[in-house]
Amino acid sequence: MSSDLDAYDTRILAELQADARLTMAELGRRVHLSQPAVSERVRKLEASGVITGYRAKVNVGALGYGIRAVIRVGRAEYARVVQLIQETPEVIDAYNVTGEDSWILQIAVIDVAHLDAVVTRFCLLTETSTSIILNAAREDNPMLPARRENIRPPLVKVENA
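Residues numbered from 1 in each chain as written. Predicted model: local features only at pLDDT ≥ 70, side-chain atom pairs only at ≥ 80, totals over all residues. Heavy atoms only, no water.

Observations regarding the nonpolar core
Core analysis: the biggest nonpolar cluster contains 16 residues, and Ile71, Ile85, Leu105, Ile107 and Phe122 have the highest contact counts within it. Mapped onto this core, the elements with two or more residues apiece are strand 1 (67-73), helix 4 (78-87), strand 3 (103-109) and helix 5 (112-123). Ignoring anything within four residues of it in the chain, the contact list for leucine 105 reads Ala69, Val70, Ile71, Val73, Ile85, Asp93, Ala94 and Phe122. In terms of nonpolar packing, the next biggest core, distinct from the first, is built from twelve residues, Leu5, Leu33, Val38 and Leu45 among them. (Core = buried A, V, L, I, M, F, W, Y, C linked by side-chain atoms within 4.5 Å. Buried < 20%, exposed > 50% of the residue type's maximum accessible area, 1.4 Å probe, protein only. Helix = DSSP H or I, 4+ residues; strand = E, 2+ residues; numbered from the N terminus. Contact = heavy atoms within 4.5 Å.)

Shown next as structure tokens:
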């Protein structure tokens, strides 16, 4: 689908990721399209699965969760981990991954005692490793269509001759 997206679609995606509450009229004004034209493009982006939804971003700290943490979960029976994730409301994001760990979870908890209680549930399944998030350098980065020409080559180490 990304090859079918033109400059207007890319701009629409950038604007909606910055502010999903824009009216179609305001979105059209920002991308220099009429309201009916921009509405049709948004409808097509939704129908094709490029836009999968709209939601409010919530500050978990304002909800009383003083600690965010990452739990790395080792190898365990897949279904048991999925069930525990579903039963644990503190889990914000859960990723099944490759490498030494099988799962990476982001959680939000009230305090250290709450963190201990949540981590203990996962420790009963397998080994875990936990890191408290001090701050986020980047979250919810807007994504635009992938383009091969935007890939930078790796840095090459120059040896002394």
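And the narrative resumes.
Notes on the packing of aromatic side chains
Inspection of every chain in the model, using the stated rule, returns one aromatic pair. Between tyrosine 78 and tryptophan 103, the aromatic rings sit 5.5 Å apart at their centres with planes inclined by 35°, giving tilted as the arrangement. Linking tyrosine 78 in helix 4 with tryptophan 103 in strand 3, this pair joins segments that are 25 residues apart in sequence. Overall, tryptophan 103 belongs to the buried group, its relative accessible area being 6%. (Phe/Tyr/Trp six-rings, centres within 6.5 Å; stacked < 30°, edge-to-face > 60°.)

Some remarks on the side chain of threonine 88
Note on placement: threonine 88 falls in the loop between helix 4 and strand 2 (91-96). Once you skip the residues sitting within four places of it in the chain, threonine 88 turns out to touch Val118, Arg121 and Phe122.

Observations regarding the sheet that holds strand 3
Whether parallel or antiparallel, the strands of a sheet pair through hydrogen bonds between backbone atoms. Ordered in space as 2-3-1-4, the four strands form an open sheet in which the pairing is antiparallel. The two strands at the open ends of the sheet, each matched to only one other strand, are strand 2 and strand 4 (128-132). The average undirected angle you get between the axes of adjacent strands in this sheet is 15°. Both strand 2 and strand 3 contribute to a ladder of five bridges, which runs antiparallel. Bridging across to strand 3, valine 91 finds its partner in isoleucine 107. Across the sheet, helix 4 lies against strand 2 and strand 3, angled at about 20° from strand 3, the strand it touches most. (Pairing = 2+ DSSP bridges. Axes fitted to C-alpha atoms, helices over the stretch in contact; angles between N-to-C directions.)

Section: the environment of alanine 117
If you trace the backbone, alanine 117 turns up in helix 5. Counting along the chain gives 41 residues from alanine 117 to valine 158, while the straight-line C-alpha distance between them is 50 Å.

Details of the UniProt feature "domain: HTH asnC-type" (unreviewed entry) in the chain
Under the feature "domain: HTH asnC-type" (unreviewed entry), the UniProt entry names residues 5-66. As annotated, residues 5-66 comprises 53% helix and 0% strand, and the C-alpha atoms at either end are separated by 41 Å. (UniProt positions renumbered as here; feature names shortened; annotations may be inferred.)

Considering helix 5
In this model, helix 5 (twelve residues) spans 16 Å end to end at C-alpha, consistent with the 16 Å of a helix rising 1.5 Å per residue. Within helix 5, the full set of buried residues consists of His114, Leu115, Val118, Val119 and Phe122. Taken around the axis of helix 5, the buried residues stretch over an arc of 125°, which confines them to a single face. Considering only its buried residues, helix 5 is in contact with strand 1, helix 4, strand 2, strand 3 and strand 4. Where helix 5 begins, the capping side chain belongs to aspartate 111, and its oxygen is found 3.3 Å from the backbone nitrogen of alanine 113. (Expected span 1.5 Å × (residues − 1). Arc of directions from axis to C-beta. Polar contact = N/O pair within 3.5 Å; in protein donor to acceptor, adjacent residues only side chain to side chain.)

Details of the packing of helix 1 (residues 7-18) against helix 3 (residues 35-47)
Contact geometry for helix 1 and helix 3: axes closest at 11 Å, N-to-C directions at 80°. If you check the angle between helix 1 and helix 3, you find them roughly perpendicular. Across the interface between the two elements, Tyr8, Asp9, Ile12, Leu13 and Leu16 from helix 1 touch Val38, Arg41, Val42 and Leu45 from helix 3. In the contact of helix 1 with helix 3, the residues fall into seven nonpolar, no polar and two charged. (Parallel < 35°, antiparallel > 145°, perpendicular 65-115°, else oblique. Nonpolar A, V, L, I, M, F, W, Y, C, P; charged D, E, K, R; others polar.)

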